[in-house]
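So you can see what is in the structure, the chains are spelled out below.
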Amino acid sequence: MKPREETALVLSGGGVYGAFEVGVMKALFAGASPVNGYQPLDVGIFSGTSVGAFNAACMAGFSQQNELDAALQLESIWLERIANRPDVCGSGAFRIRGTPSEFIDPNCLRQPVALAGRMARDGLVLGRYLLGRSLNFLASPAPPMDRVTSTVNIESLVDPLPFQDLVNHAFREEDVLNSTRNLRLVATNWSMGVAEYFKNSDFVNGEGYEIVRASAALPGVFPPVKIRANTYVDGGVTENTPLNSALSAGATELHVIYLNPKPQFLPLKGQPDTLDTMLRVFYLLLAGRIEQDVANLRQINQGLQALAKFQEGGNVPANAALSFARIAAKALGSSHQFVTVHRYYPRGVLAGEFGMLDSQLQTIVNVMEAGESIALTHDCEESGCLLAE
Ligand SMILES: [Zn+2]
(Lines give C-alpha, C1' and ligand atoms only; values in the text may rest on other atoms or scores of the structure.)
Protein backbone atom coordinates (compact mmCIF):
# COMPACT_ATOMS: atom_id res chain seq x y z
CA MET A 1 0.00 0.00 0.00
CA LYS A 2 1.25 3.46 -0.86
CA PRO A 3 2.00 5.97 1.89
CA ARG A 4 -1.14 7.83 2.81
CA GLU A 5 0.30 11.23 1.83
CA GLU A 6 0.02 10.17 -1.79
CA THR A 7 -3.52 8.86 -1.63
CA ALA A 8 -6.40 11.28 -2.16
CA LEU A 9 -10.13 11.01 -1.96
CA VAL A 10 -11.77 13.41 -4.42
CA LEU A 11 -15.38 14.31 -3.63
CA SER A 12 -17.57 16.05 -6.20
CA GLY A 13 -20.71 18.12 -5.88
CA GLY A 14 -24.37 17.17 -6.25
CA GLY A 15 -26.58 18.22 -3.34
CA VAL A 16 -28.14 15.42 -1.33
CA TYR A 17 -26.39 12.89 -3.55
CA GLY A 18 -23.33 13.65 -1.43
CA ALA A 19 -24.62 10.78 0.73
CA PHE A 20 -23.29 8.50 -2.04
CA GLU A 21 -19.78 9.60 -1.03
CA VAL A 22 -20.42 8.58 2.56
CA GLY A 23 -21.43 5.09 1.40
CA VAL A 24 -18.32 4.71 -0.77
CA MET A 25 -16.07 5.88 2.07
CA LYS A 26 -17.61 3.44 4.55
CA ALA A 27 -16.79 0.51 2.29
CA LEU A 28 -13.27 1.75 1.44
CA PHE A 29 -12.31 2.50 5.04
CA ALA A 30 -13.77 -0.76 6.32
CA GLY A 31 -11.44 -2.66 3.97
CA ALA A 32 -14.46 -4.19 2.26
CA SER A 33 -13.61 -3.13 -1.29
CA PRO A 34 -11.55 -5.07 -3.82
CA VAL A 35 -9.99 -1.76 -4.92
CA ASN A 36 -7.48 -1.93 -2.08
CA GLY A 37 -7.21 -5.70 -1.82
CA TYR A 38 -9.84 -5.78 0.97
CA GLN A 39 -7.57 -3.68 3.19
CA PRO A 40 -8.74 -0.44 4.81
CA LEU A 41 -7.80 2.45 2.55
CA ASP A 42 -5.48 5.00 4.12
CA VAL A 43 -6.12 8.51 2.80
CA GLY A 44 -3.89 11.54 3.40
CA ILE A 45 -5.70 14.10 1.22
CA PHE A 46 -9.39 14.93 1.19
CA SER A 47 -10.33 17.15 -1.74
CA GLY A 48 -13.85 18.42 -2.31
CA THR A 49 -16.20 20.73 -4.12
CA SER A 50 -19.69 21.77 -3.10
CA VAL A 51 -21.34 19.07 -0.98
CA GLY A 52 -18.06 17.19 -1.43
CA ALA A 53 -16.36 20.10 0.35
CA PHE A 54 -18.69 19.61 3.29
CA ASN A 55 -17.92 15.89 3.46
CA ALA A 56 -14.18 16.49 3.03
CA ALA A 57 -14.05 19.14 5.77
CA CYS A 58 -15.88 16.81 8.16
CA MET A 59 -13.47 13.95 7.39
CA ALA A 60 -10.47 16.23 7.98
CA GLY A 61 -12.03 17.52 11.18
CA PHE A 62 -12.67 14.00 12.51
CA SER A 63 -9.02 12.95 12.06
CA GLN A 64 -8.61 12.11 15.75
CA GLN A 65 -10.49 8.94 14.93
CA ASN A 66 -9.57 6.23 12.46
CA GLU A 67 -11.05 6.79 9.03
CA LEU A 68 -13.86 4.27 9.37
CA ASP A 69 -15.06 5.86 12.61
CA ALA A 70 -14.81 9.28 10.97
CA ALA A 71 -16.96 8.07 8.06
CA LEU A 72 -19.49 6.63 10.52
CA GLN A 73 -19.65 9.96 12.34
CA LEU A 74 -20.28 11.67 9.01
CA GLU A 75 -22.98 9.10 8.27
CA SER A 76 -24.78 9.97 11.48
CA ILE A 77 -24.66 13.67 10.56
CA TRP A 78 -26.36 12.82 7.27
CA LEU A 79 -29.00 10.65 8.92
CA GLU A 80 -29.67 12.82 11.96
CA ARG A 81 -29.00 16.38 10.82
CA ILE A 82 -29.42 16.52 7.05
CA ALA A 83 -32.33 14.13 6.59
CA ASN A 84 -35.84 15.35 7.18
CA ARG A 85 -36.86 14.22 10.61
CA PRO A 86 -40.38 13.38 11.62
CA ASP A 87 -40.36 15.90 14.47
CA VAL A 88 -38.84 18.82 12.61
CA CYS A 89 -40.33 21.04 9.93
CA GLY A 90 -38.17 20.87 6.82
CA SER A 91 -34.67 19.56 6.20
CA GLY A 92 -31.54 20.15 8.18
CA ALA A 93 -29.77 21.50 5.15
CA PHE A 94 -31.66 21.97 1.92
CA ARG A 95 -34.97 23.73 2.30
CA ILE A 96 -36.32 24.89 -1.02
CA ARG A 97 -38.24 28.12 -0.60
CA GLY A 98 -41.97 27.67 -0.92
CA THR A 99 -41.85 23.86 -0.95
CA PRO A 100 -45.50 22.81 -1.24
CA SER A 101 -44.94 19.86 1.09
CA GLU A 102 -44.49 22.29 3.95
CA PHE A 103 -48.11 23.22 3.75
CA ILE A 104 -49.19 19.66 4.34
CA ASP A 105 -46.45 18.64 6.75
CA PRO A 106 -48.12 18.46 10.18
CA ASN A 107 -44.83 19.28 11.88
CA CYS A 108 -44.73 22.55 10.00
CA LEU A 109 -48.33 23.35 10.80
CA ARG A 110 -47.45 23.16 14.48
CA GLN A 111 -45.17 26.14 13.94
CA PRO A 112 -47.53 28.60 12.24
CA VAL A 113 -45.56 31.74 13.15
CA ALA A 114 -42.29 30.44 11.77
CA LEU A 115 -44.00 29.17 8.66
CA ALA A 116 -45.73 32.48 8.02
CA GLY A 117 -42.41 34.29 8.32
CA ARG A 118 -40.80 31.98 5.83
CA MET A 119 -43.65 32.28 3.39
CA ALA A 120 -43.27 36.04 3.40
CA ARG A 121 -39.56 35.73 2.66
CA ASP A 122 -40.05 33.06 0.05
CA GLY A 123 -42.67 35.06 -1.80
CA LEU A 124 -39.97 37.53 -2.76
CA VAL A 125 -37.80 35.04 -4.55
CA LEU A 126 -40.13 32.52 -6.14
CA GLY A 127 -40.79 32.49 -9.82
CA ARG A 128 -39.94 30.54 -12.89
CA TYR A 129 -37.92 33.41 -14.33
CA LEU A 130 -35.38 32.66 -11.65
CA LEU A 131 -34.79 29.15 -12.91
CA GLY A 132 -34.51 30.47 -16.45
CA ARG A 133 -31.87 32.96 -15.43
CA SER A 134 -29.90 30.39 -13.50
CA LEU A 135 -29.98 27.99 -16.40
CA ASN A 136 -28.79 30.71 -18.75
CA PHE A 137 -25.92 31.35 -16.41
CA LEU A 138 -24.88 27.74 -16.33
CA ALA A 139 -25.23 27.05 -20.04
CA SER A 140 -23.88 30.35 -21.34
CA PRO A 141 -20.80 30.16 -23.55
CA ALA A 142 -19.84 33.67 -22.36
CA PRO A 143 -16.71 34.05 -20.21
CA PRO A 144 -17.37 33.51 -16.49
CA MET A 145 -16.82 37.18 -15.75
CA ASP A 146 -19.71 38.22 -18.00
CA ARG A 147 -21.90 35.47 -16.69
CA VAL A 148 -21.50 36.33 -13.04
CA THR A 149 -22.17 40.01 -13.50
CA SER A 150 -25.41 39.28 -15.31
CA THR A 151 -26.71 37.17 -12.44
CA VAL A 152 -25.30 39.11 -9.54
CA ASN A 153 -28.69 40.28 -8.31
CA ILE A 154 -30.58 37.02 -8.22
CA GLU A 155 -31.81 35.73 -4.90
CA SER A 156 -31.32 32.21 -3.67
CA LEU A 157 -33.84 29.44 -4.24
CA VAL A 158 -32.81 27.57 -1.17
CA ASP A 159 -33.00 29.08 2.28
CA PRO A 160 -29.31 29.32 3.25
CA LEU A 161 -29.86 29.35 7.01
CA PRO A 162 -30.31 25.60 7.64
CA PHE A 163 -27.15 24.78 5.67
CA GLN A 164 -25.23 27.51 7.47
CA ASP A 165 -26.34 26.10 10.80
CA LEU A 166 -25.41 22.57 9.70
CA VAL A 167 -21.89 23.58 8.61
CA ASN A 168 -21.25 25.57 11.78
CA HIS A 169 -22.01 22.60 13.97
CA ALA A 170 -20.81 19.61 11.92
CA PHE A 171 -17.09 19.95 12.69
CA ARG A 172 -14.77 22.12 14.77
CA GLU A 173 -12.68 24.56 12.79
CA GLU A 174 -9.58 24.03 14.95
CA ASP A 175 -9.81 20.28 14.36
CA VAL A 176 -9.47 20.91 10.63
CA LEU A 177 -6.63 23.36 11.20
CA ASN A 178 -4.75 20.75 13.26
CA SER A 179 -5.85 17.74 11.24
CA THR A 180 -3.45 14.95 10.33
CA ARG A 181 -5.08 14.91 6.90
CA ASN A 182 -4.64 17.45 4.14
CA LEU A 183 -7.80 19.23 3.10
CA ARG A 184 -8.19 20.87 -0.32
CA LEU A 185 -11.42 22.70 -1.11
CA VAL A 186 -12.43 24.52 -4.25
CA ALA A 187 -14.63 27.61 -4.51
CA THR A 188 -15.14 29.93 -7.45
CA ASN A 189 -14.08 33.55 -7.12
CA TRP A 190 -17.27 35.32 -8.17
CA SER A 191 -15.73 38.39 -9.76
CA MET A 192 -12.70 36.71 -11.33
CA GLY A 193 -14.54 33.59 -12.51
CA VAL A 194 -11.64 31.33 -11.50
CA ALA A 195 -11.28 28.37 -9.15
CA GLU A 196 -9.53 29.12 -5.87
CA TYR A 197 -8.14 26.47 -3.57
CA PHE A 198 -8.35 26.49 0.21
CA LYS A 199 -6.58 24.28 2.73
CA ASN A 200 -6.35 23.47 6.43
CA SER A 201 -4.43 26.63 7.29
CA ASP A 202 -7.35 28.73 5.99
CA PHE A 203 -9.55 27.31 8.75
CA VAL A 204 -9.12 30.17 11.23
CA ASN A 205 -11.36 32.94 12.59
CA GLY A 206 -14.51 31.21 11.40
CA GLU A 207 -13.47 31.44 7.76
CA GLY A 208 -13.36 27.65 7.43
CA TYR A 209 -17.14 27.50 7.78
CA GLU A 210 -17.51 30.24 5.17
CA ILE A 211 -15.20 28.39 2.77
CA VAL A 212 -17.35 25.26 2.99
CA ARG A 213 -20.52 27.26 2.40
CA ALA A 214 -18.87 29.18 -0.46
CA SER A 215 -17.84 25.96 -2.15
CA ALA A 216 -21.48 24.84 -2.09
CA ALA A 217 -23.06 28.15 -3.11
CA LEU A 218 -24.46 27.14 -6.49
CA PRO A 219 -25.45 30.38 -8.29
CA GLY A 220 -29.19 30.89 -8.29
CA VAL A 221 -29.70 28.22 -5.64
CA PHE A 222 -27.64 29.40 -2.67
CA PRO A 223 -26.53 33.02 -2.19
CA PRO A 224 -22.83 33.81 -2.77
CA VAL A 225 -20.56 33.89 0.29
CA LYS A 226 -18.19 36.71 1.15
CA ILE A 227 -14.75 35.82 2.51
CA ARG A 228 -12.60 38.81 3.35
CA ALA A 229 -12.74 41.13 0.32
CA ASN A 230 -13.94 38.51 -2.16
CA THR A 231 -17.24 36.90 -3.00
CA TYR A 232 -17.41 33.22 -3.84
CA VAL A 233 -19.79 30.73 -5.40
CA ASP A 234 -19.87 26.96 -5.85
CA GLY A 235 -16.51 25.44 -6.76
CA GLY A 236 -18.36 23.29 -9.29
CA VAL A 237 -18.81 26.35 -11.53
CA THR A 238 -15.12 26.07 -12.39
CA GLU A 239 -14.05 22.65 -11.13
CA ASN A 240 -16.65 20.17 -9.99
CA THR A 241 -14.40 17.18 -9.50
CA PRO A 242 -11.35 18.71 -7.88
CA LEU A 243 -8.63 16.60 -9.45
CA ASN A 244 -6.20 19.49 -9.76
CA SER A 245 -6.24 20.41 -6.11
CA ALA A 246 -5.53 16.79 -5.13
CA LEU A 247 -2.71 16.51 -7.68
CA SER A 248 -1.10 19.76 -6.56
CA ALA A 249 -1.18 18.44 -3.00
CA GLY A 250 1.03 15.58 -4.21
CA ALA A 251 -1.49 12.81 -4.78
CA THR A 252 -0.52 9.98 -7.11
CA GLU A 253 -3.36 7.63 -6.21
CA LEU A 254 -6.76 9.27 -6.55
CA HIS A 255 -10.12 7.84 -5.63
CA VAL A 256 -12.67 10.00 -7.42
CA ILE A 257 -16.32 9.80 -6.43
CA TYR A 258 -18.81 11.08 -8.99
CA LEU A 259 -22.43 11.84 -8.14
CA ASN A 260 -23.85 11.37 -11.61
CA PRO A 261 -23.60 8.27 -13.77
CA LYS A 262 -21.20 8.36 -16.69
CA PRO A 263 -22.67 10.92 -19.10
CA GLN A 264 -23.43 8.35 -21.77
CA PHE A 265 -25.76 6.55 -19.35
CA LEU A 266 -27.54 9.68 -18.22
CA PRO A 267 -30.95 10.17 -19.77
CA LEU A 268 -31.62 13.85 -20.28
CA LYS A 269 -35.24 14.18 -21.16
CA GLY A 270 -37.87 16.82 -20.79
CA GLN A 271 -37.52 20.55 -20.49
CA PRO A 272 -35.15 22.17 -18.03
CA ASP A 273 -38.02 23.51 -16.01
CA THR A 274 -37.35 21.95 -12.65
CA LEU A 275 -34.62 22.67 -10.21
CA ASP A 276 -33.33 19.13 -10.46
CA THR A 277 -33.04 19.26 -14.24
CA MET A 278 -31.23 22.56 -13.95
CA LEU A 279 -28.76 21.05 -11.51
CA ARG A 280 -28.31 18.04 -13.76
CA VAL A 281 -27.51 20.22 -16.76
CA PHE A 282 -25.04 22.09 -14.62
CA TYR A 283 -23.17 18.95 -13.60
CA LEU A 284 -23.30 17.56 -17.14
CA LEU A 285 -21.62 20.67 -18.48
CA LEU A 286 -18.78 19.96 -16.12
CA ALA A 287 -18.46 16.30 -17.01
CA GLY A 288 -16.60 17.05 -20.22
CA ARG A 289 -13.92 18.93 -18.36
CA ILE A 290 -13.45 16.10 -15.87
CA GLU A 291 -13.01 13.64 -18.74
CA GLN A 292 -10.29 15.90 -20.16
CA ASP A 293 -8.47 15.87 -16.81
CA VAL A 294 -8.45 12.08 -16.76
CA ALA A 295 -7.34 12.00 -20.41
CA ASN A 296 -4.41 14.26 -19.50
CA LEU A 297 -3.45 11.94 -16.68
CA ARG A 298 -3.58 9.03 -19.09
CA GLN A 299 -1.12 10.88 -21.34
CA ILE A 300 1.24 11.40 -18.44
CA ASN A 301 1.22 7.69 -17.75
CA GLN A 302 1.66 6.79 -21.41
CA GLY A 303 4.57 9.18 -21.79
CA LEU A 304 6.29 7.74 -18.75
CA GLN A 305 5.67 4.18 -19.94
CA ALA A 306 7.23 5.05 -23.31
CA LEU A 307 10.20 6.55 -21.52
CA ALA A 308 10.67 3.46 -19.36
CA LYS A 309 10.51 1.31 -22.46
CA PHE A 310 13.22 3.40 -24.12
CA GLN A 311 15.45 3.10 -21.08
CA GLU A 312 15.07 -0.65 -21.25
CA GLY A 313 16.43 -0.57 -24.81
CA GLY A 314 13.25 0.02 -26.72
CA ASN A 315 12.96 2.24 -29.75
CA VAL A 316 10.88 5.18 -28.51
CA PRO A 317 12.73 8.53 -28.62
CA ALA A 318 13.35 9.50 -24.98
CA ASN A 319 12.88 13.23 -25.45
CA ALA A 320 9.59 12.79 -27.26
CA ALA A 321 8.21 10.55 -24.54
CA LEU A 322 9.24 12.84 -21.73
CA SER A 323 7.92 15.97 -23.39
CA PHE A 324 4.65 14.15 -24.01
CA ALA A 325 4.34 13.52 -20.28
CA ARG A 326 5.48 17.04 -19.41
CA ILE A 327 2.96 18.74 -21.65
CA ALA A 328 0.13 16.66 -20.25
CA ALA A 329 1.31 17.35 -16.71
CA LYS A 330 1.49 21.08 -17.39
CA ALA A 331 -2.11 21.09 -18.57
CA LEU A 332 -3.08 19.73 -15.17
CA GLY A 333 -0.64 21.78 -13.14
CA SER A 334 0.84 18.61 -11.70
CA SER A 335 4.22 16.95 -11.84
CA HIS A 336 4.94 14.24 -14.38
CA GLN A 337 4.69 11.03 -12.46
CA PHE A 338 2.58 7.92 -12.73
CA VAL A 339 -0.93 8.52 -11.46
CA THR A 340 -3.62 6.00 -10.61
CA VAL A 341 -7.25 7.09 -10.70
CA HIS A 342 -10.02 4.88 -9.35
CA ARG A 343 -13.49 6.11 -10.23
CA TYR A 344 -16.77 5.47 -8.49
CA TYR A 345 -19.91 6.23 -10.49
CA PRO A 346 -23.54 5.63 -9.57
CA ARG A 347 -24.86 2.91 -11.91
CA GLY A 348 -27.99 4.91 -12.60
CA VAL A 349 -29.45 8.30 -11.79
CA LEU A 350 -29.60 8.72 -8.04
CA ALA A 351 -33.11 9.90 -7.55
CA GLY A 352 -35.54 10.97 -4.94
CA GLU A 353 -38.88 12.64 -5.45
CA PHE A 354 -37.29 16.09 -5.40
CA GLY A 355 -33.98 15.17 -7.05
CA MET A 356 -30.72 16.54 -5.74
CA LEU A 357 -32.39 18.55 -3.02
CA ASP A 358 -34.56 15.71 -1.75
CA SER A 359 -33.47 15.18 1.81
CA GLN A 360 -36.08 12.65 2.87
CA LEU A 361 -34.50 10.09 5.17
CA GLN A 362 -35.33 7.18 2.88
CA THR A 363 -33.70 8.91 -0.10
CA ILE A 364 -30.52 9.55 1.84
CA VAL A 365 -30.40 5.94 3.05
CA ASN A 366 -30.91 4.66 -0.51
CA VAL A 367 -28.24 6.94 -1.98
CA MET A 368 -25.78 5.97 0.75
CA GLU A 369 -26.41 2.28 0.16
CA ALA A 370 -25.86 2.78 -3.57
CA GLY A 371 -22.44 4.24 -2.80
CA GLU A 372 -21.54 1.41 -0.49
CA SER A 373 -22.59 -1.15 -3.07
CA ILE A 374 -20.50 0.51 -5.81
CA ALA A 375 -17.37 0.38 -3.65
CA LEU A 376 -18.03 -3.19 -2.50
CA THR A 377 -18.21 -4.39 -6.10
CA HIS A 378 -15.66 -2.00 -7.63
CA ASP A 379 -14.45 -3.14 -11.01
CA CYS A 380 -11.61 -1.09 -12.52
CA GLU A 381 -12.43 -2.04 -16.08
CA GLU A 382 -16.12 -1.24 -15.82
CA SER A 383 -15.34 2.05 -14.08
CA GLY A 384 -12.74 3.16 -16.61
CA CYS A 385 -10.04 3.49 -13.95
CA LEU A 386 -6.59 4.72 -14.87
CA LEU A 387 -4.00 2.30 -13.56
CA ALA A 388 -0.35 3.31 -13.36
CA GLU A 389 1.03 -0.20 -13.51
ZN1 LIG B 1 -10.49 1.07 -10.00
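In this text the structure is predicted, and so the values were computed from the model without any measurement. Residue numbering note: each chain is counted from 1, following its sequence as written. Under the rules for a predicted model, residues below a pLDDT of 70 receive no local features and side-chain atom pairs below 80 are neither given nor counted, while totals for whole chains, interfaces and linings still include all residues.

Chemist: For this particular structure, what's the right way to read the environment of V294?
Modeler: Positionally, V294 belongs in helix α14 (residues 275-311). Linking V294 and L386, residues 92 residues apart in sequence, is a C-alpha distance of 7.8 Å. Here, residues touch in the contact sense if the C-beta positions derived from the backbone fall within 7 Å of one another. Discounting chain neighbours no more than four positions away, the residues touching V294 are V341 and L386. A run of H or I in DSSP counts as a helix once it spans at least four residues, and a run of E counts as a strand once it spans at least two, with each numbered from the N terminus.

Chemist: Where do I start with the pairing of strand β8 (residues 230-234) in this structure?
Modeler: Two faces, one strand: in a regular strand the side chains alternate between the faces of the sheet. Field definition: a residue is buried when 20 or more other C-beta atoms are found within 10 Å of its C-beta, exposed when 12 or fewer are, and partly exposed for counts in between, with C-beta atoms placed from the backbone. Of all 5 residues in β8, 4 are buried, a share of seventy percent or more. Of the pairings in the sheet, the one linking strand β5 (residues 182-189) to β8 comprises 3 bridges and is antiparallel in character. Looking at β8, one finds that A187 is bridged to D234. Inspection of the sheet shows strand β7 (residues 225-227) paired to β8 by 3 bridges, in the antiparallel sense. Bridge pairing in β8 links I227 to N230. What makes two strands pair is DSSP finding at least two bridges between them. What sits between β7 and β8 in their antiparallel hairpin is a turn of 2 residues, with R228 showing a positive phi close to 50°.

Chemist: Could you clarify how one ought to interpret the packing of helix α1 (residues 19-29) against helix α3 (residues 67-82) in this entry?
Modeler: Axis angle and axis distance: for two packed helices, these are the angle between their axes and the distance between the axes, and together they describe the pair. Comment: axis = line fitted to C-alpha atoms, over the contacting stretch for helices; angle = value between 0 and 180 degrees taken between N-to-C directions. Orientation of α1 relative to α3, taken along the N-to-C sense of each, is 155°, at an axis distance of 9 Å. Classified by the angle between their axes, α1 and α3 sit roughly antiparallel to one another. For the crossing formed where α1 meets α3, the hand is left-handed. Residues A19, V22, M25, K26 and F29 of α1 form the contact with α3, whose own contacting residues are E67, L68, A71, L74, E75 and W78. The labels follow the angle: roughly parallel below 35 degrees, roughly antiparallel above 145, roughly perpendicular from 65 to 115, and oblique for the rest. Crossings are sorted by hand: turned counterclockwise from the far helix by less than a right angle, the near helix makes the crossing left-handed, and turned clockwise it makes it right-handed.

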